[in-house]
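Topology and contacts: notes
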Amino acid sequence: ISPSPLPLSLQRADPRPRCTRAFSVVVAIDFGTTSSGYAFSFTQDPEAIHMMRRWEGGDPGVANQKSPTCLLLTPEQRFHSFGFAARDSYHDLDPEEARHWLYFDKFKMKIHSTTDLTMETELEAVNSRRMRAIDVFAHALRFFREHALKEVKEQSSAMLETDDVRWVITVPAVWRQPAKQFMREAAYLAGLVSPEAPEQLLIALEPEAASIYCRKLRLHQVIDLSSRLMANGFELDSPRLFDSSFRQSREQLRRARHSRTFLVESGTGELWAEMQTVFVVSVPGDRYIVVDCGGGTVDLTVHQIEQPQGTLKELYKASGGPFGAVGVDLAFEAMLCKIFGADFIESFKAKRPAAWVDLTIAFEARKRTAMPGRASALNISLPFSFIDFYKQHRGHSVETALRKSNMNIVKWSSQGMLRLTPEAMNELFQPTISQIIQHIADLMQKPEVRGVRFLFLVGGFAESPMLQHAVQSAFGRGCRIIIPQDVGLTILKGAVLFGLDPTVVRVRRCPLTYGVGVLNRFVEGKHPREKLLVKEGREWCTDVLDRFVSVDQSVALGEVVRRSYTPARPGQRKIIINIYCCSSDDVVYITDPGVRKCGTITLDLPEWQPGDGGRRGRREIRATMQFGDTEIKMTAVDVLTSRSVRAAIDFLSN
């Protein structure tokens with residue numbers, strides 16, 4: 001298929017597309033790797049954000065209102081419970097019975113790590129039983145839908161219809177289109193919205209949501225980790241104006257959590273003005289980096305506030321990777337394998353899955369208390385079944401295994417606990433934290449990012465004093481490191497604000513180059529001979545990449561790419577076109593290294609009606625694509641009849 005000679009450049013449509021219908025309430029679901037939650041706001045009172053109800057259960061020392069992302073299904077794969085309830089129910093099951101139940105935790109990471117994601121991709125429960133991933137996600141989303149709607153209806157004076165609710169689901173910015181589409185399909189399956197009303201669901205990018213909220217912060221709502229101020233590159237010996245001790249931030253957080261309703265400032269960018277007034281330091285205050293450190297991924301985005309309207313412009317494409325807090329858990333598991341043997345750990349997980357979950361929870365609670373400069377060891381309780389199972393499996397005690405392992409940084413306590421020395425905790429955190437620090441450092445070297453003097457640290461992992469200390473040590477001299485007081489809820493609040501105004505991010509950067517393969521006139525000396533195709537006496541060059549957008553290209557909301565396609569034969573009812581993508585811009589052909597097929601465009605052609613007129617032979621379908629949103633969108637029209645053509649982009653059937 002070769003595009004007809006229409007203007008192929010980016011063309012401007014309405015830069016701030018308006019909602020086709022009014023919604024009464026926005027409900028955002030922050031679906032995290034380790035913890036999840038929801039919040040909502042009524043469109044008539046958009047400055048009030050209501051957090052979800054406090055959950056039953058919870059871990060000691062964990063002061064947030066989100067729930068662990070854990071799902072428990074019966075042996076028949078029916079929903080049983082989610083969150084703390086799932087964890088507690090699984091713990092209380094008889095060990096033999098537990099082997100038949102399906103318990104899923106931290107399952108979101110599978111979507112990030114699967115390169116060929118489809119509707120049939122499977123997840124493995126703790127007991128190694130497999131199930132379709134889309135069904136697991138749908139169970140979790142259905143749970144949130146029921147809880148959120150019940151709470152919204154209790155607080156609403158008016159009768160609420162299903163289509164009065166706009167839903168927002170958060171995903172990491174580094175997720176590709178297939179993963180975003182997967183979450184949308186899971187939401188359809190869970191009954192959040194109907195596939196016939198796709199505009200009722202928005203996919204929000206996690207660091208972008210955090211940024212939307214951060215731009216509204218005021219001085220009293222943040223904790224400033226920066227110990228020295230900078231003026232024109234020189235250090236100022238000013239006393240620190242904020243006490244950034246982690247304990248004080250926790251106390252502020254605890255006090256703030258007594259209320260479940262948060263009021264959001266109506267203005268934007270006040271924080272920078274306030275800082276400049278207090279410090280009398282001139283810094284370009286409209287640009288900043290957001291580092292979203294979650295359980296599974298770390299996402300970085302760089303934004304500029306456009307005044308006076310307060311919209312956001314992305315300055316460099318979102319980046320990141322799987323460097324979240326789960327990396328510390330995996331390092332702990334690797335340490336256990338080193339001490340007790342990988343074969344034993346695998347056997348214990350399979351035969352005593354509930355006890356394994358207990359052990360991971362015990363480590364999680366201790367991990368949160370790890371601090372740099374701590375002098376004493378951290379004790380982690382080993383479940384009795386671990387100690388007993390090990391003796392049966394190996395014929396000697398856990399204490400003997402520790403002695404034989406020569407791991408001096410892990411000791412055994414007579415009370416049945418592993419004693420992790422400060423060196424051991426550092427060793428567990430170091431690989432993950434080093435990757436985060438390296439990624440931030442690489443980003444700061446980019447020309448578009450140089451000179452940015454504010455860095456917001458957000459996400460659940462940002463509560464870790466180990467990570468805070470590392471980021472402050474690495475970047476505190478040249479950058480103000482700022483943590484919102486409610487750091488674990490920042491994304492959730494921002495997602496609600498995004499649902500209230502999806503046009504707030506006006507310019508985004510393309511994460512990849514996208515295009516289709518076309519035929520061009522063959523030019524001797526320019527095109528390789530192996531690409532020559534002779535068709536009806538004409539010479540064509542095959543496999544030429546017709547670019548829609550290029551990697552890191554700025555695309556404003558409402559900007560469109562237009563192409564025209566003609567069916568290959570009369571009476572054709574469908575046009576199917578393969579989409580290709582790559583992470584670089586210096587490619588010419590769809591067969592070049594690094595270029596891969598990533599999806600398909602399908603245009604359903606309506607049957608020719610007698611009243612349509614014109615020549616029946618040639619038919620032209622004009623497709624319009626938008627790349628400036630969080631998802632790629634497409635519409636199409638039959639040029640001759642001006643009738644809409646059903647157009648779909650599919651990234652999951654690849």
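Use the structure listed above.
Residues numbered from 1 in each chain as written. Predicted model: local features only at pLDDT ≥ 70, side-chain atom pairs only at ≥ 80, totals over all residues. Heavy atoms only, no water.

Some words on the overall build of the protein
- Tallying secondary structure elements over the protein gives 16 helices and 35 strands in all.
- When burial is assessed residue by residue, the protein has 56% of its 654 residues classed as buried.
- Across the protein, every contact between residues at least 6 apart in sequence was considered, and the portion connecting residues at least 24 apart equals 72%.
- Split by element, the accessible area of the protein, about 28,400 Å² in all, is 49% carbon and sulfur. (Helix = DSSP H or I, 4+ residues; strand = E, 2+ residues; numbered from the N terminus. Buried < 20%, exposed > 50% of the residue type's maximum accessible area, 1.4 Å probe, protein only. Contact = heavy atoms within 4.5 Å. Areas by Shrake-Rupley, 256 points an atom, 1.4 Å probe, with all protein chains shown as cover.)

Describing the pattern of salt bridges
- Under the definition given, this model contains 30 salt bridges.
- Here R99 makes a salt bridge to E96, at a shortest N to O gap of 3.3 Å.
- Judged by its relative accessible area of 32%, R99 is partly exposed.
- Look at E96 and you get partly exposed, because its relative accessible area is 43%.
- Of the charged contacts in the structure, one is a salt bridge between E524 and R529, with a shortest N-O distance of 2.7 Å.
- The network of salt bridges with common partners includes K106, D329, E364, K367, R368 and E463. (Salt bridge = Lys/Arg side-chain N within 4 Å of Asp/Glu carboxyl O.)

Considerations on the packing of helix 10 (residues 342-351) against helix 12 (residues 384-394)
- Orientation of helix 10 relative to helix 12, taken along the N-to-C sense of each, is 125°, at an axis distance of 11 Å. It follows that helix 10 is oblique to helix 12 by the angle criterion. As helix 10 runs across helix 12, the sense of the crossing is right-handed. Of the residues in helix 12, those in contact with D343, F344, I345, S347, F348 and K351 of helix 10 are S385, F386, F389, Y390, H393 and R394.
- Tallied by class, the residues present in the contact of helix 10 with helix 12 amount to six nonpolar, three polar and three charged. (Axes fitted to C-alpha atoms, helices over the stretch in contact; angles between N-to-C directions. Parallel < 35°, antiparallel > 145°, perpendicular 65-115°, else oblique. Left-handed = near helix turned anticlockwise from the far one by under 90°. Nonpolar A, V, L, I, M, F, W, Y, C, P; charged D, E, K, R; others polar.)

With respect to the sheet that holds strand 25 (residues 505-509)
- Strand order in the open sheet made by the eight strands is 13-24-23-17-18-19-25-29, with mixed pairing throughout. With one partner strand each, in any of the chains shown, strand 13 (222-224) and strand 29 (554-556) form the two edges of the open sheet. Taking each pair of neighbouring strands and ignoring which way they run, the sheet shows an average axis angle of 25°.
- Of the strand pairs in this sheet, strand 25 and strand 29 are connected by three bridges, and their pairing is antiparallel. Directly across from R509, in strand 29, lies its bridge partner S554.
- Contacts between helix 14 (residues 422-444) and the sheet are confined to strand 17 (287-293), strand 18 (298-306), strand 19 (311-321) and strand 23 (454-458), with strand 18 contributing the most and set at about 35° to the helix.
- Along the sheet face, helix 15 (residues 465-475) touches strand 17, strand 23 and strand 24 (480-484) and points at about 155° away from the line of strand 24. (Pairing = 2+ DSSP bridges.)

A short note on unusual backbone geometry
- Positive phi values are uncommon outside glycine, yet E536 reaches one of about 50°.
- Summarising the element assignment, E536 is placed in the loop between strand 27 (532-535) and strand 28 (538-549).
- Its identity is not glycine, yet D543 carries a phi of approximately 65°, on the positive side.
- Counting through the fold element by element, D543 comes out in strand 28.
- Assessed through its relative accessible area of 26%, D543 is described here as partly exposed.

Brief notes about the nonpolar core
- Ranked by size, the top nonpolar core spans 103 residues in total, and within it L420 and L455 carry the most contacts.
- By residue number, the principal contributor to this core is helix 14, which donates 10 residues.
- Setting aside its immediate chain neighbours within four residues, L455 contacts I289, V291, I440, M444, V471, C479, R480, I481 and I482. (Core = buried A, V, L, I, M, F, W, Y, C linked by side-chain atoms within 4.5 Å.)

A short note on the side chain of T513
- Tracing the sequence through the fold places T513 in strand 26 (residues 513-521).
- Of note is the side chain of T513, whose polar atom sits 2.9 Å from the backbone nitrogen of V551.
- Not counting residues within four places of it along the chain, the set of residues in contact with T513 comprises L545, R547, V549, S550, V551, Y580, C581, C582, S584 and D585. (Polar contact = N/O pair within 3.5 Å; in protein donor to acceptor, adjacent residues only side chain to side chain.)

Examining the packing of helix 14 against helix 15
- Relative to each other, helix 14 and helix 15 sit at 40°, their axes nearing to 10 Å. Between helix 14 and helix 15, the interaxial angle falls into the category oblique. In this structure, helix 14 crosses over helix 15, and the sense of that crossing is right-handed. Residues M425, N426, F429, I433, I436, I437, I440, A441 and M444 of helix 14 lie in contact with helix 15, whose contacting residues are M466, L467, A470, V471, A474 and F475.
- Among the residues forming the contact of helix 14 with helix 15, the class breakdown is 14 nonpolar, one polar and no charged.

Looking at the sheet that holds strand 6 (residues 70-73)
- Reading across the sheet, the three strands line up as 7-6-8 and stay open at both edges, with antiparallel pairing between neighbours. Because the sheet does not close on itself, it has two edges, and the strands there are strand 7 (79-82) and strand 8 (102-105). Here the average twist between neighbouring strands, direction ignored, is 15°.
- Both strand 6 and strand 8 contribute to a ladder of four bridges, which runs antiparallel. Opposite L72, over in strand 8, you have Y103 as the bridge partner.
- Where helix 1 (residues 84-92) meets the sheet, it contacts strand 6, strand 7 and strand 8, and its direction lies at approximately 115° from that of strand 7.

Examining the environment of F389
- As for its placement among the helices and strands, F389 is situated in helix 12.
- Sequence separation of F389 and S347 is 42 residues, and the distance between their C-alpha atoms is 9.6 Å.
- Look past the residues within four positions of F389 in its chain and what remains in contact with it is F344, S347, F348, K351 and R352.

Looking at helix 6 (residues 206-214)
- Counting buried positions over the nine residues of helix 6 gives nine, a clear majority of the element.
- Taken together, the buried positions of helix 6 are occupied by E206, P207, E208, A209, A210, S211, I212, Y213 and C214.

Describing the environment of V328
- Assignment of secondary structure puts V328 in helix 9 (residues 326-340).
- By relative accessible area, V328 is classed as buried at 0%.
- Separated by 103 residues in the primary sequence, V328 and P431 have C-alpha atoms spaced 8.2 Å apart.
- If we skip the residues at most four places from it in the chain, V328 touches F363, K367, L428, F429, T432 and F461.

Structural notes on the pairing of strand 6
- Both faces of strand 6 are covered, namely the face carrying C70 and L72 and the face carrying L71 and L73.
- Between the end of strand 6 and the start of strand 7, which pair antiparallel, lie five residues, with Q77 showing a positive phi angle near 70°.

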